[in-house]
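Commentary on secondary and tertiary structure
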Amino acid sequence: MTKSEFVKIMSGYDGYFKGWRVETEKVDLSDFVIGCYYDEAEGKWIVYVNKSQGRHYIRLVTDSEEEAFDELCSMMDFHYA
């Protein structure tokens, strides 16, 4: 899935999904955020999850936009299944 496809799907959720904020533009270190962004300095897509108390976990670093957004979708299914 590409970023534009993901954003289109998420447009009805106003940036939140089941209590978690979803970020697709930049890293956000707030609690309860899942996200994916392109790190221009590294030339990589980074997928991450932030749990409570500042626990920040990088789940995937990849060259592929599609792989990154597939992982983000997979994480959302896993957390909310």
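The preceding data block contains the structure.
Residues numbered from 1 in each chain as written. Predicted model: local features only at pLDDT ≥ 70, side-chain atom pairs only at ≥ 80, totals over all residues. Heavy atoms only, no water.

1. Section: the side chain of Thr 62
Heads up, the condition is: Here a strand is any run of E in DSSP of at least two residues, a helix any run of H or I of at least four, and the numbering for each starts at the N terminus. Nitrogen and oxygen atoms within 3.5 Å of one another constitute a polar contact, given that in protein one can donate a hydrogen and the other can accept it, and given that sequence-neighbouring residues count only through two side-chain atoms.
Within the element layout of this structure, Thr 62 appears in strand β5 (residues 56–62). A polar contact of 2.6 Å, which involves the side chain of Thr 62, links it to the side chain of Glu 67.

2. Some remarks on the state of the cysteines
Applied cut-off: The disulfide criterion used throughout: a pair of cysteine sulfur atoms within 2.5 Å.
Counting across every chain of the model gives zero disulfides. Unpaired in terms of disulfides, Cys 36 finds its nearest cysteine sulfur in Cys 73, a separation of 9.5 Å.

3. Focus on the nonpolar core
We apply this condition: By nonpolar core is meant a set of buried Ala, Val, Leu, Ile, Met, Phe, Trp, Tyr and Cys residues that side-chain atoms within 4.5 Å join together. The rule is simple: take the accessible area with a 1.4 Å probe, protein chains only, and divide by the maximum for that residue type; under 20% is buried, over 50% is exposed, in between is partly exposed. The contact definition used throughout considers only heavy atoms, calling two residues in contact when any of these lie within 4.5 Å.
Of all hydrophobic cores here, the largest spans 16 residues; its most connected members are Phe 6, Val 22, Ile 34, Cys 36, Val 47, Leu 72 and Met 76. Every element with two or more residues in this core is listed here: α1 (3–10), β2 (20–23), β3 (33–39), β4 (44–50) and α2 (65–80). Among all residues touching Phe 6, those that are not within four sequence positions of it are Met 1, Val 22, Thr 24, Phe 69, Leu 72, Cys 73 and Met 76.

4. Side note on the pattern of salt bridges
Operational definition: One side-chain nitrogen of Lys or Arg within 4 Å of one carboxyl oxygen of Asp or Glu is enough to make a salt bridge.
On inspection of all chains with the given rule, the structure shows six salt bridges. Close ionic contact of Asp 28 with Arg 21 constitutes a salt bridge, the shortest N to O distance being 2.0 Å. We note a salt bridge from Asp 63 to Lys 44, for which the minimum N-O separation is 2.8 Å. You can see Asp 63 sitting in the loop between β5 and α2 and its partner Lys 44 sitting in strand β4, a full 19 residues away along the chain. For Lys 44, a relative accessible area of 27% puts it in the partly exposed group. Each of the salt bridges in this network shares a partner with another, and the network as a whole consists of Arg 21, Glu 23, Lys 26 and Asp 28.

5. Concerning the packing of aromatic side chains
Convention followed: Note on ring pairs: Phe, Tyr and Trp rings are taken, using the six-membered ring of Trp, and paired if centres are within 6.5 Å. Classes follow the plane angle, with under 30 degrees stacked, over 60 edge-to-face and the rest tilted.
Counting across every chain of the model gives six aromatic pairs. Summarising the aromatic geometry, the rings of Tyr 37 and Tyr 48 are spaced 6.0 Å apart at their centres and angled 70° between planes, so their arrangement reads as edge-to-face. On the criterion of sequence distance, the pair formed by Tyr 37 in strand β3 and Tyr 48 in strand β4 is long-range, its members being 11 residues apart. With a relative accessible area of 14%, Tyr 37 lands in the buried category. A relative accessible area of 0% places Tyr 48 in the buried class.

By themselves, these are just geometric observations and shouldn't be taken as functional.
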